[in-house]
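Commentary on secondary and tertiary structure
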Amino acid sequence: MAQPATGPAADGPCTAPPENSVHPVDEKISPSRLVPAALQHIAAMYAGVVTPPLIIGQAAGLDQAGMTRLIAAGLLIAGLATLLQTLGIGGFAGNRMPFVNAASSAGIAPMLAIAETSAPGHQLPAIYGAVLVAGAFCLAVGPFFGRLLRFFPPLVTGVVITLIGVTLMPVPVSWAQGGDKEAADFGSMKYLALAAFTLAVILQVQRFGRGFVKQIALLFGLLIGTLAAIPFGLADFSVLKSAPLAALPTPFAFGAPEFRPAAILSLCIVMLVLMTESSAGMLALGEICGRRTDGRTITRGLRTDGIATLLGPVFGSFPTSAFAQNVGVVSLTKVRSRYVVAAAGGALIVLGAFPVLGAAVSLVPMPVLGGAGIVLFGSIAVSGIRTLSEAGLDDSSNIILVAVALGAGIIPLAAPAFYAGFPSWAQTVLGSGISAGALVAVLLNLFFHHLGTHSRTAVALKSS
C-alpha cells in the first residue's frame, strides 16, 4: 500500500553503515583505487562539459584560439564547482556528496537564441549578462527549494530518476552513430561496430571481473575501445598538435557583460529548470548512496550551482548544474566516496589550465563514449525503477501518478516539436522531459496525497 512520505526514503538501494563506521560517501580510499575511479568520472563527463562552449563558441563566430579559451573556462569552472560541491564550505555551500557540477546543455537553446538576436561581437556579452543575473537568481531562490522537499517523496523521486536515465538516452545513441549529425557518415556501421565493441568489453569485465576490476569496467571499456579505434583511423590525434600547452582563462576576455531584459528572463527560466534537475540529481544520488538528502543538503547544493553560475561568466562559462551521467557512474561502480569526485574536480581544473591535457582526454572517440553511455544512463533509469518498486505501486492512485508523469516526461523525447506552438517560457519548461515529468509528478502528488478530505489522506497514508 502507498503513502505520501514527506521526503526521500531514508534507506535507499544501499544499506546505511553501522553507527560508528565511516559512511561510504565520506570514505577516503587509496590512490590505487581513487585514480582510476576519478578517471571514469572525467571520461564520462568530458564530452558533456565541452559541448556548450563548442556550440555557443561556433554560434558566436570565435576562432580556434577563442574556442580554446572558452573550453578551458568551462573545464575550470566545472572543476571549481565540483570541488566546492564535494568538499563544501561549512554549512553554507556544497552538498558533500559525489556530485559533479558543470555547464549544462539545457541552456544551449536559449543562449543560441540570444546569440542569433545580437549584433556581431555582442553575442557573448549578452549571454554572459543574462547568466550573471541567472546565477544571482539561483542564490536568491535556492533556499526555498530545500523547504519544498516534503513534496518529493519516493513516488516522485522515482519518476524523476527514471526520466533522467530515459531522456538522456538519445545522447549516447547519437555518440554511438558518430556524434556529428551533419556528417555524411553519421550512423555508419564502423561507428556502430565500435560502440557495440565497447559495450561488449564493459559487459565482459562486469561478468568476469572481480573486486575493484569489476568496479572500473567502464574505464576498461573506454580504454580498450579507444585502442581498437586507432587502426581504423577513428581516433583523431590532430587535436594534440593544435592545443596550446597552457592557457589560463582571463576575466571578461570576451567583453563586458550586457544586460538585456528578454535574455535575462529566458535564462532565469532555464535556471529554474536546472535547479529542478539538480535537486532531482541530489535526491537520486542520496538514494543510490544510502544517505538521506534533506532540505539543507539541497539548499547547499543549489547554492553551489548559483555561485558557479555567477562566477562562470567572469571567466567565460555558462549556467552550471548537475551532471546526470556521473550519477550513473556512482550507481554502476558502487564507488560512493565524494573524494573520488573531488579528485576528478581537481583534474578538471588542471585540464582547464593546460589545454593540451584536455585534448588528450578528448581522444576518446564519440562511438566509444556512446557504447559506455548506454550503460551509464541505463543504470540511472534502473535506480529510478528500483525506487518506484518501494513506493507502493499497488495503490491505483500511485499507478496513475507514475503513468501520467512518465508520459509527460517522454513527450519531448517522442515528439520534439510537440510544444512548438506554446509560449517560449512554456517550451523551456515542458521541453525538458526531466522538468516536465517532475512538475507533473509533484502536482499529481499534491492532488492525490495532500489536498482534499481527511479520508483521502488516510487512504494515501497506506502507501509507504
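Sequence order as written defines residue numbering, which begins from 1 separately in each chain. Side-chain atom pairs in this predicted model are given and counted only at pLDDT of 80 or more, local residue features only at pLDDT of at least 70, and totals for whole chains, interfaces and linings cover all residues. Values reported for side chains reflect all heavy atoms of the structure, with hydrogen atoms and water molecules removed beforehand.

Moving on to the side chain of Ser317. Each helix corresponds to a stretch of at least 4 residues labelled H or I by DSSP, and each strand to a stretch of at least 2 residues labelled E; elements are numbered beginning at the N terminus. Position of Ser317 relative to the elements: it lies in the loop between helix H12 (295-315) and strand S2 (320-322). Burial classification: accessible surface area is computed with a 1.4 Å probe over protein chains only, and a residue below 20% of its type maximum counts as buried, one above 50% as exposed, and the rest as partly exposed. On the basis of relative accessible area, Ser317 is assigned to the buried category, the value being 1%. Sequence-distant contacts of Ser317, defined by excluding residues within four places in its chain, comprise Ala73, Gly74, Ile77, Ala103, Tyr128 and Gly312. Working rule for contacts: check all heavy atoms of both residues, and any pair within 4.5 Å makes them a contact.

Here helix H19 (residues 433-449) is 17 residues long and its end C-alpha atoms lie 23 Å apart, about the 24 Å a rise of 1.5 Å per residue gives. Of all 17 residues making up H19, 12 are buried, and the element is well covered by its neighbours. If you check which residues of H19 are buried, you get Gly433, Ile434, Ser435, Ala436, Gly437, Ala438, Ala441, Val442, Leu444, Asn445, Phe448 and His449. The span you would expect from a helix comes to 1.5 Å times its residue count less one.

Glancing now at the packing of helix H5 (residues 154-168) against H19. The geometry of H5 relative to H19 is characterised by a closest axis approach of 9 Å and an angle of 165° between their N-to-C directions. Between H5 and H19, the interaxial angle falls into the category roughly antiparallel. Viewed along their axes, H5 and H19 form a crossing whose handedness is right-handed. Of H19, the residues touching H5 (which contributes Leu155, Val156, Val159, Val160, Leu163, Ile164 and Thr167) are Gly433, Ile434, Gly437, Ala438, Ala441, Val442, Asn445 and His449. Gly is put with the polar residues, along with every residue not named as nonpolar or charged; the nonpolar set is Ala, Val, Leu, Ile, Met, Phe, Trp, Tyr, Cys and Pro, and the charged set is Asp, Glu, Lys and Arg. Split by residue class, the contact of H5 with H19 holds 10 nonpolar, five polar and no charged. Here, axes are lines fitted to C-alpha atoms. For helices the fit covers the stretch in contact, and angles between N-to-C directions go from 0 to 180 degrees. An angle below 35 degrees is read as roughly parallel, one above 145 as roughly antiparallel, one from 65 to 115 as roughly perpendicular, and any other as oblique. Here a crossing is taken to be left-handed if its near helix is turned anticlockwise relative to the far helix by less than a right angle, and right-handed if that turn runs clockwise.

Turning to unusual backbone geometry, a few remarks are in order. In this structure, Arg96 is a non-glycine residue whose phi angle is positive, near 55°. As for its position among the elements, Arg96 is in the loop between helix H2 (64-87) and strand S1 (101-103). Look at Phe252: it is not a glycine, yet its phi comes out positive at around 50°. Note that Phe252 resides in the loop between helix H10 (238-242) and helix H11 (261-289).

Moving on: the nonpolar core. In a soluble, globular protein the nonpolar side chains are often hidden away together inside. Residues grouped as a nonpolar core are buried Ala, Val, Leu, Ile, Met, Phe, Trp, Tyr and Cys residues, joined through side-chain atoms within 4.5 Å. Ranked by internal contacts, the top residues of the largest apolar core, which has 87 residues, are Leu124, Ile127, Ile164, Leu218, Leu222, Leu267 and Phe318. The leading source of residues in this core is H11, at 15 residues. Those residues within four positions of Ile127 in sequence are excluded, and the remaining contacts are Ile56, Met111, Ile114, Ala115, Leu267 and Phe318. Within the second largest apolar cluster, 20 residues are counted, among which are Ala38, Val50, Leu75 and Phe323.

Here we take up the confidence of the model for the protein chain. On a scale of 0 to 100, pLDDT captures the predictor's confidence in every residue. Of all residues in the protein chain, 89% attain a pLDDT of 70 or more, and the chain-wide mean is 82. Averaged pLDDT values for the elements of the protein chain fall to 46 in helix H20 (residues 454-460) and rise to 93 in helix H7 (residues 189-208). Confidence drops under a pLDDT of 50 for residues 1-16, and excluding neighbours within four residues, the segment shows 62 contacts in the predicted structure. Low pLDDT, under 50, characterises residues 453-464; the predicted model gives this stretch 27 contacts beyond four residues in sequence or across chains.

Next up on the list: the packing of H7 against helix H16 (residues 366-389). Two packed helices can be described by the angle between their axes and the distance between those axes. Two numbers describe how H7 lies on H16: the axes approach to 7 Å, and their chain directions differ by 45°. Between H7 and H16, the crossing angle belongs to the class labelled oblique. Our pair here, H7 against H16, has a crossing hand that is right-handed. Contacts between H7 and H16 pair Tyr191, Leu194, Ala195, Thr198, Leu199 and Ile202 from the former with Pro367, Val368, Gly371, Ala372 and Val375 from the latter. Class assignment for the residues of the contact of H7 with H16 results in nine nonpolar, two polar and no charged.

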